[in-house]
Amino acid sequence: MTEAAWIDRFEGLSALPADARTTLAERGKIIRVPRGTVLFAPGMEPVNMLLLLDGTVRVQQASDSGREIVLFRVEAGESCVLTSACLLAHEDYTAEGVAETDVSAVAIPRGVFDDLVGQSRAFRDFVFQAYARRMTDLFRVIDEVAFGRIDMRLAERLLTLARDTDEVHATHQQLAAELGTAREVISRQLTEFQRRGWIALSRGHVALTDRAALEAAAKG
């Protein structure tokens, strides 16, 4: 993949001056990992900025009691803002990043990241604009966990995870992690959705049988 082929896939990097583009092209390394790979975990030191080319990375955090919550997902064309934040703060990771699909990404070494943040306004803008957008997403997660109705949130998340299909491959525990609640809560709500004819449940699988009803439930 040529320099322009990957750099121009990231909104904001196309505005970089020629010398910064050359540095990224020469020092950035394309990595590929299979689905299920743990890219980072709490306590690990970040050594590269990650720019996702293909696939999806799920960023999640676990409480001391073991309950998990999905914080956000990094999609193709985005940077991992948790990695960027840890690099800026010189701190270890506090959450886990898992390849939800096969993933390809560009790894930018810490030294290159530090130099470009210090020398290139366009690169700084790219880093901090991505960070600001993700902070908005995280505030939404906090608001939903604290105040959102579980039936609305579950209906919305099932539709999101199904994307353009009517299939969700996830256990009750995984769905609980998506919404930051207990597995028992999710199991009760799924059973109710099934009773209403909106979904059909099987082991590790949810079939959406009435998408219109789920869409109405998601809107409250």
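See above for the structure.
This text gives an overview of the structure that appears in the document. Since the model is a prediction, treat every value here as computed from it, not as a measurement. Residue positions within a chain follow its written sequence, with the count starting from 1. It should be noted that, the model being predicted, local features are given only for residues of pLDDT at least 70 and side-chain atom pairs only at 80 or more, the latter also being counted only at that level, while totals for whole chains, interfaces and linings use all residues. The side-chain figures draw on all heavy atoms in the structure; neither hydrogens nor water molecules are used.

Turning to the sheet that holds strand S2 (residues 38–40), a few remarks are in order. In this analysis, strands are considered paired if DSSP registers two or more bridges between them. Secondary structure elements are defined from DSSP: runs of H or I of at least 4 residues count as helices, runs of E of at least 2 residues count as strands, and each element is numbered from the N terminus. Taking strand neighbours across the sheet as the criterion, the four strands line up as S2-S6-S4-S5 in an open arrangement whose pairing is antiparallel. The open sheet has two free edges, formed respectively by S2 and strand S5 (68–75), since each of these has just one partner strand. In this sheet, neighbouring strand axes are inclined to one another by 30° on average, regardless of whether the strands run parallel or antiparallel. Direction of pairing for strand S4 (residues 56–62) relative to S5: antiparallel, over a ladder of seven bridges. Across the sheet, the residue bridging to Ala62 is Glu68, located in S5. Against the sheet, helix H7 (residues 172–179) makes contact with S4 and S5, and its axis sits at roughly 80° relative to S5, the strand it touches most. Helix axes use the C-alpha atoms of the stretch in contact, all axes being lines fitted to C-alpha atoms, and the angles between their N-to-C directions lie in the range 0 to 180 degrees. What makes two residues a contact is simply this: any of their non-hydrogen atoms within 4.5 Å.

Centre distance and the angle of the planes are the two values used to describe a pair of aromatic rings. In summary, the pairing rule links any two rings of Phe, Tyr or Trp, Trp by its six-membered ring, whose centres are within 6.5 Å, and it sorts them by plane angle into stacked for under 30 degrees, edge-to-face for over 60 and tilted for everything else. Using the criterion set out here, one finds five aromatic pairs in the structure. Ring geometry for Phe40 against Tyr93: centres 4.1 Å apart, planes inclined by 5°, an arrangement best described as stacked. Pair noted here: Phe40 is in strand S2 and Tyr93 is in the loop between helix H3 (81–89) and strand S6 (96–99), with a separation of 53 residues, a long-range link. Arranged with centres 5.1 Å apart and planes meeting at 40°, the rings of Phe193 and Trp198 form a pair that is tilted. Note on exposure labels: buried denotes an accessible area under 20% of the residue type's maximum, exposed denotes more than 50%, and partly exposed covers the range between, all computed with a 1.4 Å probe on protein chains only. Note on Trp198: relative accessible area 13%, which makes it buried. Of the aromatic side chains, those joined through ring pairs into one cluster are Phe113, Phe123 and Phe126.

Distance thresholds for patches are 9 Å for like charges and 5 Å for nonpolar side chains (Val, Leu, Ile, Met, Phe, Trp, Tyr), applied to residues having over 30% relative accessible area and no salt bridge. All accessible areas in this document rest on Shrake-Rupley with a 1.4 Å probe, and a residue is counted as covered only by the protein chains that are shown. For salt bridges, the criterion is a side-chain nitrogen of Lys or Arg within 4 Å of an Asp or Glu carboxyl oxygen. On the surface, Leu88, Phe128 and Tyr131 cluster together to form a nonpolar patch covering roughly 260 Å² of accessible area. Turning to its location among the elements, Phe128 is positioned in helix H5 (residues 121–147). Among the residues examined, Phe128 registers a relative accessible area of 42% and is labelled partly exposed.

With that out of the way, let us pick up the environment of Arg211. Topologically, Arg211 is positioned in helix H9 (residues 211–219). By relative accessible area, Arg211 is classed as partly exposed at 26%. For the pair Arg211 and Ala155, spaced 56 residues apart in sequence, the C-alpha to C-alpha distance is 9.3 Å. Contact partners of Arg211, with chain neighbours within four places excluded, come to Leu159, Ala162, Arg163, Thr165 and Asp166.

Quick look at the packing of helix H6 (residues 150–162) against helix H8 (residues 183–195) now. Where H6 meets H8, the axes come as close as 11 Å, and the angle between the chain directions of the two elements is 75°. Taken together, the axes of H6 and H8 lie roughly perpendicular to each other. Between H6 and H8, the contacting residues are Ile150, Asp151, Leu154, Ala155 and Leu158 on the first element and Val185, Ile186, Gln189, Leu190 and Phe193 on the second. Taken together, the residues of the contact of H6 with H8 sort by class into eight nonpolar, one polar and one charged. Should an angle lie under 35 degrees it is considered roughly parallel, over 145 roughly antiparallel, and from 65 to 115 roughly perpendicular; all remaining angles are considered oblique. Gly is put with the polar residues, along with every residue not named as nonpolar or charged; the nonpolar set is Ala, Val, Leu, Ile, Met, Phe, Trp, Tyr, Cys and Pro, and the charged set is Asp, Glu, Lys and Arg.

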